[in-house]
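# Secondary and tertiary structure notes
Spelled out from the first residue to the last, the chains are:
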Amino acid sequence: MSLKPETRDFLQKESLERFLHYVTIHTTSDDEKAGKTPSTERQFDLAKILRDELKELGLEKVELDEYCYVYATLPSNVDKNTVPIGFIAHIDTSNAVSGENVKPIIHKNYDGSDIVLSADPAVVISPSDVPYLKKVVGENIITASGDTLLGADDKAGIAEIMAAMAAFKKFPQLKHGEIRICFTPDEEIGMGTAKITLDKLGKYCYTVDGSEPGEIENECFDAYMVELTFNGVNVHPGFAKNKMTNAVNIAGRYLADLPEWESPEHTEKREGFYHPMGISGNVEKCSFKMIVRDFENQANLTRIEALKKLNAAYEARYPNLKIEMEVKHQYQNMREVLDNYPEVIELAVKAIELSEIKVIQNYIRGGTDGSRLCQMGIPTPNLFAGGMLFHGKKEFIAESSLRKAAETIIHLSALWADKGTD
Ligand SMILES: [Zn+2]
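Spatially, four strands are ordered β4-β7-β18-β17 in an open sheet, and the strand pairing comes out antiparallel. What marks the edges here is a single partner per strand, and that holds for β4 (105–107) and β17 (387–388). Where strand β7 (residues 141–143) lies against strand β18 (residues 396–398), three bridges are found, and the strand directions are antiparallel. Bridge pairing in β18 links threonine 143 to phenylalanine 396. Packing of helix α9 (residues 399–419) onto the sheet brings it into contact with β7 and β18, and relative to β18 it is tilted by some 70 degrees.

The domains assigned to the protein chain are domain 1 (5–220 + 333–419) and domain 2 (222–330). Each of domain 1 and domain 2 was reduced to a C-alpha centroid, and the two centroids are 39 Å apart. In this assembly, four residues from domain 1 lie in contact with four residues from domain 2. Grouping the amino acids of the side of domain 1 that touches domain 2 by side-chain chemistry returns one nonpolar, two polar and one charged.

The next thing to look at is the nonpolar core. Counting 103 residues, the largest nonpolar core has Ile161 and Ile181 as the members making the most contacts within it. When residues in this core are grouped by element, the largest group, 12 residues, is from helix α3 (residues 152–170). Viewed by domain, this core spans two of them, domain 1 (5–220 + 333–419) and domain 2 (222–330), each represented by three or more residues.

The strand order across the open sheet formed by eight strands is β1-β2-β8-β3-β9-β16-β10-β15, and the pairing between neighbours is mixed. Each edge of the open sheet carries a strand with a single partner, namely β1 (60–64) and β15 (360–364). The sheet shows a mean angle of 25 degrees between the axes of neighbouring strands, taken without regard to direction. Across six bridges, the pairing between strand β3 (residues 85–90) and strand β8 (residues 179–184) is parallel. Its bridge partner being in β8, phenylalanine 87 is matched across the sheet by isoleucine 181. Its contacts with the sheet put helix α2 (residues 43–56) on β1, β2 (70–74) and β8, and the angle it makes with β1 is roughly 165 degrees.

Conventions used here
Residue positions are given per chain, counted from 1 along the sequence in the order it is written. Note on the predicted model: pLDDT of at least 70 is required for a residue's local features to be given, and 80 or more for side-chain atom pairs to be given and counted; whole-chain, interface and lining totals, by contrast, use all residues. One bridge is not enough; two strands pair if DSSP finds at least two bridges between them. To qualify as a helix, a DSSP run of H or I must reach at least 4 residues; to qualify as a strand, a run of E must reach at least 2; elements of each kind are numbered from the N terminus. Contact between two residues is assigned when their C-beta atoms, built from the backbone, lie within 7 Å. For helices, the fitted axis covers only the stretch in contact; all axes are lines through C-alpha atoms, and the angles between them, taken along N-to-C directions, range from 0 to 180 degrees. Boundaries between domains were set according to an automatic or database domain assignment. When residues are grouped by polarity, Ala, Val, Leu, Ile, Met, Phe, Trp, Tyr, Cys and Pro land in nonpolar, Asp, Glu, Lys and Arg in charged, and all others, Gly among them, in polar. Buried Ala, Val, Leu, Ile, Met, Phe, Trp, Tyr and Cys residues whose C-beta atoms connect them within 7 Å together make up a nonpolar core. Exposed residues have 12 or fewer other C-beta atoms within 10 Å of their own C-beta, buried residues have 20 or more, and partly exposed residues fall in between, where C-beta atoms are placed from the backbone.

Here is the structure:
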């Protein structure tokens, strides 16, 4: 059931051409303007192009709304009733590195050595740091030019979805049910679902925003934000004995009492952590924000209980101290939702296998728009888009990964059409 060479060649050409175009359009989002959707007007520059291209491809209900969301529907071409499924990718790029004036470079027939994008300052992509490079020796590798990110996160995802839609138009023998496309702004600042219209999405969706070919991610962190405020007592320091309660000193001691090994810098894989992100204050009042992360909600609740006990111990030790703690559940592990819809992952795994790629079931040490959509009632795991080393000047993608992801989208659509309604 693998695709014909002609279809594969078409997908390769389409996805590459589109990708090389999309990355040249500046779409950086801005976390300081997260109150507004989109955070930056420039994201419309790409959104308008996508709207026009989807119309050209003949999709239906093509729409670009005032919040910079692009929606489109490809009607089913099979006789039976099918479940509408969705593919989602994001328009914006991370503001960690400039995304302006991106000049993609294709390194043909990669020979396995260091890829030097800039000598001074050194921007070198080396197989000694990135073992994945050994898997793509002999292939064409796309990078930026050393000054910017590439933007494969997530313009690869957009190009792959567009290439798959173009293939459905060109080869009507490829079967699919109803497909709903959504391109969102502001994913990188955690606001990709802020103004999303749920009933324009598929019943089940896939974000095409993962990394290495073959990846399917059905887990993310369970996430809490904790804000602690230490209220002390200020007195002239010359006369402070037995009177002053210095919130700065106390907050410092409190932070030192957190388990050192449960921090981002000492954890990996499925381990959780406490992460104080910033602190501000004075003798009278000192506060800090801390994120708490784990894959298991119970483990996070245990951490929050531990903080409450620590608060009580500190208030007992410093009678004039008052600690306020605010706890907010930011998002949950999407596995908790996806476990109820096993076919969403099963069909993705099958589609990856049909594309002749090794399946990598992974978890995300972070959150995704998919995890938020899961909470909103739309099961949405994350499918690979093929880019590596996101959010940096060394970001790259193998040309073949674009085709592989587009191929997976085609197979996945066929499998859902085959399944019919549940
Ligand atoms: Zn992304």
